[in-house]
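Spelled out from the first residue to the last, the chains are:
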Amino acid sequence: MRGRQTVRDMVLSLAVIGVLVGAIYFFIPHDDSADAEQNAVKRVDYRVELITARRAAPYPVAAPEGLPDTWRATSVSYKASNDRSGGAWHLGMLDPEQQYAAVEQSDAPAQQFIRSVTLGATKVEGKQAVGNEKWDRYQGEKYRALVREEAGVTTVITGTAPYGRLADLAAALVAKKG
């Protein structure tokens, strides 16, 4: 008789706990919609950092102009170096399909910088047309990238977005010195 009471008590306890968990789930608001996922990453305003970077950087800093509102800036930084070389500009974004794309620029040694911001991507065959310019393609395990090396600055458009979206971002870039 004692064994049946123990099993019965355990089943009753589990039933009470299940009812409590169900009530908590039912009464506490939650949002499982696609909008909730999209709003989980907050948009940042990068205008002040862009102005600061353009004043501090020894090269013209590139930022997109005219992209649709479906592109959202999510991170921004400029790290200057002590010797006025090797400064790095970063602007991270989400494209309209919620894929990551970033603008990375530096006057540091190109190959080391490219390897760092693309997480080890390597150069692949072919070029990507962006307006009248040709950008080198890089492919890595996690990121793909478009790279343009110019005198004094390397610009990398990198992320999980497809090459076409990276090219859209590259085409919107305007480089200015502040």
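To start, this report covers the structure provided alongside it. Quick caveat: nothing in here was measured; it's all calculated off a predicted structure. Residue positions within a chain follow its written sequence, with the count starting from 1. Residue-level local features of this predicted model are given only where pLDDT is at least 70; pairs of side-chain atoms are given and counted only at 80 or more, and the full residue set underlies all totals for whole chains, interfaces and linings. Computation of side-chain values covers all heavy atoms of the structure but excludes hydrogens and water.

What to know about the overall build of the protein chain
Convention followed: Note on conventions: DSSP H or I runs of at least 4 residues are helices, E runs of at least 2 residues are strands, and numbering of each starts at the N terminus. Here's how the labels work: a residue is buried when its accessible area is under 20% of the maximum for its type, exposed when over 50%, partly exposed in between, all with a 1.4 Å probe on protein chains only. Contacts are residue-level and defined by heavy atoms, with any inter-residue pair within 4.5 Å sufficient. Only the protein chains shown count as covering a residue, and every accessible area follows the Shrake-Rupley method with a 1.4 Å probe.
Tallying secondary structure elements over the protein chain gives five helices and nine strands in all. Taken from the N to the C terminus, the helices and strands of the protein chain come in the order α-α-α-β-β-β-β-α-β-β-β-β-α-β. In the protein chain, which comprises 178 residues, the proportion classed as buried is 34%. Taking the contacts inside the protein chain whose residues are at least 6 apart along the sequence as the reference set, 51% of them involve residues at least 24 apart. Accessible surface, the protein chain: about 11,100 Å² in total, of which carbon and sulfur atoms supply 55%.

Things to note about a nonpolar patch on the surface
To keep it simple, the criterion reads: Residues with no salt bridge and a relative accessible area higher than 30% make up the patches, which join like charges within 9 Å and nonpolar side chains (Val, Leu, Ile, Met, Phe, Trp, Tyr) within 5 Å. When a carboxyl oxygen of Asp or Glu lies within 4 Å of a side-chain nitrogen of Lys or Arg, that pair is called a salt bridge.
Side chains of Met 10, Leu 14, Ile 17 and Val 21 sit close together on the surface and give an oily, nonpolar patch of about 410 Å² of accessible area. Its location among the elements puts Met 10 in helix α1 (residues 2–27).

Side note on the pairing of strand β7 (residues 144–150)
Operational definition: For two strands to be treated as a pair, DSSP must find no fewer than two bridges joining them.
Relative to β7, strand β6 (residues 133–139) runs antiparallel, the two being bridged by four bridges. Counterpart to Arg 137 in the pairing with β7 is Leu 146. As consecutive antiparallel partners, β6 and β7 are separated by four residues. In this sheet, strand β8 (residues 153–159) lies alongside β7 in antiparallel orientation, the contact comprising seven bridges. Bridge assignment links Ala 145 to a residue of β8, and that residue is Thr 158. Once β7 ends, the chain turns through two residues before running back antiparallel as β8, passing Gly 152 with a positive phi of about 85 degrees.

Points about the side chain of Asp 136
Here Asp 136 is to be found in strand β6. Taking relative accessible area as the criterion, Asp 136 reaches 11% and is therefore assigned buried. In this view, Asp 136 contacts Lys 123, Lys 127, Ala 145, Leu 146 and Val 147; residues no more than four positions away in its chain are not counted.

A look at the pairing of strand β4 (residues 100–106)
Every other side chain in a regular strand lies on the same face of the sheet, so the side chains alternate between the two faces. Counting buried positions along β4 gives six out of seven residues, so the element sits mostly inside the fold. Alignment of strand β3 (residues 88–94) against β4, held across seven bridges, turns out to be antiparallel. Counterpart to Met 93 in the pairing with β4 is Ala 101. Hairpin geometry of β3 and β4 is characterised by an intervening segment of five residues between the two adjacent antiparallel strands and by a positive phi of about 65 degrees at Gln 98. Here β4 runs beside β8; their pairing, made up of six bridges, is antiparallel. Considered in β8, the bridge of Glu 104 is made with Val 156.

Focus: the environment of Thr 160
Quick reminder of the rule: For this analysis, a polar contact is any N or O atom pair within 3.5 Å, provided that within protein one partner can donate a hydrogen and the other can accept it, and provided that sequence-adjacent residues contribute only side-chain to side-chain pairs.
Relative to the assigned elements, Thr 160 resides in the loop between β8 and α5 (163–171). Owing to a relative accessible area of 26%, Thr 160 belongs among the partly exposed residues under this scheme. Spatially, the C-alpha atoms of Thr 160 and Arg 144 are 6.4 Å apart, while their sequence positions differ by 16 residues. At 2.9 Å, the side chain of Thr 160 and the side chain of Gln 99 are in polar contact.

Observations concerning the pattern of salt bridges
By the definition in use, this model includes eight salt bridges. Two residues, Asp 95 and Arg 165, come together in a salt bridge whose shortest N-O distance is 3.9 Å. Pair noted here: Asp 95 is in the loop between β3 and β4 and Arg 165 is in helix α5, with a separation of 70 residues, a long-range link. Judged by relative accessible area, which is 0%, Asp 95 ranks as buried. Its salt-bridge partner being Glu 133, residue Arg 148 comes within 3.5 Å of it at the nearest N-O pair. Of this pair, Arg 148 sits in strand β7 while Glu 133 sits in strand β6, placing them 15 residues apart in sequence. A residue is classified by how much of its surface remains accessible, and Arg 148, at 21% relative accessible area, is partly exposed. Judged by its relative accessible area of 32%, Glu 133 falls in the partly exposed class. Among the charged side chains, a network of salt bridges with common partners joins Asp 95, Glu 97 and Arg 165.

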